[in-house]
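What follows is each chain in one-letter form.
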Amino acid sequence: MTILHFTRRALLGALLPLLAASALADTWPSRPIKLIVPFPAGGPTDTASRILGQKLAERLKQPVVVENKAGASGSIAAKQVMESPADGYTLMMLATPTLLAPHMYKKTGYDTVKNFTPVATVYDLPIVVVVNPSQMPSVTDVQRLITYAKAQPGQLNYTSSGPGSFGHLSMELLKELGQFDMRHVPYKGGVPAITDTIGGQVPVMYADLVAALPHIQSGKLRAIAVGSPQRVAMLPQVKTIAEQGFKGFDAVSWGGLLAPVGTPKEVVARIDKEVGEILADKSVQERLLTAGAIANYQSADRMAARLKNDYDKWGRVIRDKAIGVD
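Rules used in this analysis
Residues numbered from 1 in each chain as written. Predicted model: local features only at pLDDT ≥ 70, side-chain atom pairs only at ≥ 80, totals over all residues. Heavy atoms only, no water. Helix = DSSP H or I, 4+ residues; strand = E, 2+ residues; numbered from the N terminus. Expected span 1.5 Å × (residues − 1). Buried < 20%, exposed > 50% of the residue type's maximum accessible area, 1.4 Å probe, protein only. Contact = heavy atoms within 4.5 Å. Salt bridge = Lys/Arg side-chain N within 4 Å of Asp/Glu carboxyl O.

Student: Looking at this structure, how should I read helix H9 (residues 265-279)?
Tutor: Think of an α-helix as 3.6 residues a turn; residues three or four steps apart then line up on the same face. For H9, spanning 15 residues, the distance from its first C-alpha to its last is 21 Å, which sits close to the expected 21 Å at 1.5 Å a residue. If you check which residues of H9 are buried, you get Val267, Val268, Ile271, Asp272, Glu274, Val275, Gly276, Ile278 and Leu279.

Spelled out as structure tokens, the structure:
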């Protein structure tokens, strides 16, 4: 074989994958797309996925099939997506528990930052600090909560929807920044935790806003702060934690689309563009809000930065507080 022939073969070998990816991008999508949801049907992540999937299907002229794959904070679904062909026909709706699962569990089998391609963020799920107003009538803001807790060190309990839940992590970060102590009493799910907060068994909770909102509106719970950097439209009168002496505090659970590593850039860019236009639709924003999610589109690049930041930030909290479950 001459040097010229060898060079031509080497160049052809290098070009073939690029040509194949380009051809795929030109014909994509030519068949149904699978959207994996790492949680059971009915929750905000599932509902947001179905709203987005329906709109994507209309725009792409191909079915978007939502498949629920629950278990281990979404680790089972994430591993399935990681191992799927990188052809744009398998996507996952990442949610914060799945983002952080590799810090929580020793054997997830994936690294959220390294093993996926960010596509676009879709929604935020605000969380809120609530207290039982009959048990804590004087606690109307974060600073009063801290004063109350410091007056009885180690005696005040708070709850969340479970060990390692985002409410748990957020309160542990706030405790660290505010230099006060409360004991975590975890529940298996947000509903029983809220029920016992209303009943007075545990007087403080860091809760998902959508679950707590009806009880805040009825007066059974008092909202004293939201974890997001800005106030939320559903509770405009409630200040952020950042406004109450903790500048820069940012604790928001969120969701966005991921694809397997190696998915063609042209396909990622197409989905990114479609998601941005879908989420700009006021009717879609209203449907998401009804499901308890706030539409929040961020491009693939911005999602990648957010994913990396949250992975590192909350991973440190999990390690420092020894929150991992195994």
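Now that the structure has been shown, we can carry on.
Student: Would you explain the environment of Gly200 in this entry?
Tutor: With respect to the helices, strands and loops of the structure, Gly200 is situated in the loop between helix H7 (190-199) and strand E8 (204-208). When its relative accessible area of 13% is taken as the criterion, Gly200 is described as buried. In contact with Gly200, other than residues within four places in its own chain, are Asn132 and Gln135.

Student: In this structure, what is going on with the side chain of Arg306? I would like to understand it.
Tutor: Turning to its location among the elements, Arg306 is positioned in helix H11 (residues 300-320). Using a relative accessible area of 16% as the deciding quantity, one classes Arg306 as buried.

Student: Sorry if this is basic, but what is going on with the pattern of salt bridges here?
Tutor: If charged atoms from side chains of opposite charge come close, those side chains can pair. Evaluated as defined, the whole model comprises 18 salt bridges. Measuring nitrogen to oxygen at the nearest pair gives 2.5 Å for the salt bridge that ties Arg59 to Glu274. Here Arg59 is found in helix H2 (residues 44-60), whereas its partner Glu274 is found in helix H9, with 215 residues between them in sequence. Judged by relative accessible area, Arg59 falls into the partly exposed class, the value being 32%. Residue class for Glu274 comes out buried when judged on its relative accessible area of 6%. We note a salt bridge from Asp312 to Lys308, for which the minimum N-O separation is 2.5 Å. Placement of both Asp312 and Lys308 in helix H11 is noted, with a separation of 4 residues, approximately one turn of the helix.

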